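# An overview of the molecular structure
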Amino acid sequence: MDDTDVGADLEKILVSQDQIHDKIVELAAEIDRDYAGRDLLLVGVLKGALMVMADLSRALHSPVTMDWMAVSSYGSGTKSSGVVRILKDLDGDISGKHVLVVEDIIDSGLTLSWLLLNLRSRGPASVDVFALLRKPEAAQVPVGVRYVGFDIPSEFVVGYGLDYGERYRNLPFVGTLAPHVYGA
């Protein structure tokens, strides 16, 4: 799928497929250095982090294990509801493990802040965060993010795992939708 497949639904591309690839490769090299000699558990946050997690794990040169969580605070809208629900918990115990949470995007930071408290209460050796995208202007709570791909404006974005109404996740880039799509 590409920009021609979504036609008038797409307003603009913010981060291209090539930019995403290059940044993930760059950050993977940094992660390999930072976690050299340690077992690393990648925890992807579904559904949005699916693409990021797949590409990041393939770009790493160190062996990793992977697990998934699904948390929600959005529903079907474009703004966070502020209420976090675990839809799918981890399959394994993380006590004593080095955990790298893989996120597609950090918006207000509310969901991620809650998730980090939850994970740290489980006794891991360390918990850090990788986020492909971050919206600094939208932050409502400070959240430490060790690896950031791109800081973007506080706009609603889709593509590369991010959706609107479960659509547009399979775009290979990150872009904004035209206002007519979501009734703005």
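Right, let's walk through the structure included here. It should be emphasised that the depicted structure is a prediction, and the values quoted were computed from it without experimental measurement.

## Examining the sheet that holds strand β2 (residues 40-46)
What the six strands build is an open sheet, ordered β4-β3-β2-β5-β6-β7; its pairing is mixed. Bordering the open sheet on either side are β4 (85-88) and β7 (147-151), each of which pairs with just one other strand. Each strand of the sheet is rotated relative to its neighbour by a mean of 30°, with strand direction disregarded. Pairing of strand β3 (residues 64-72) with β4 involves three bridges; the strand directions are antiparallel. Considered in β4, the bridge of Ser72 is made with Arg85. The sheet strands contacting helix α2 (residues 17-34) are β2, β5 (98-106), β6 (126-134) and β7, and the helix crosses β7 at an angle near 160°.

## Observations concerning the packing of α2 against helix α3 (residues 50-59)
Packed helix pairs are specified by the crossing angle of their axes together with the interaxial distance, meaning the distance between the axes. Look at α2 against α3: their axes get within 9 Å of each other, and the N-to-C directions meet at 55°. On the basis of the axis angle, α2 is oblique to α3. In the crossing of α2 with α3, the sense of the turn from one axis to the other is right-handed. Note on element contacts: α3 touches α2 through Asp55, Leu56 and Ala59, opposite Ile24, Val25, Ala28, Ile31 and Asp32.

Rules of the game
Residues numbered from 1 in each chain as written. Predicted model: local features only at pLDDT ≥ 70, side-chain atom pairs only at ≥ 80, totals over all residues. Heavy atoms only, no water. Pairing = 2+ DSSP bridges. Helix = DSSP H or I, 4+ residues; strand = E, 2+ residues; numbered from the N terminus. Axes fitted to C-alpha atoms, helices over the stretch in contact; angles between N-to-C directions. Contact = heavy atoms within 4.5 Å. Parallel < 35°, antiparallel > 145°, perpendicular 65-115°, else oblique. Left-handed = near helix turned anticlockwise from the far one by under 90°.

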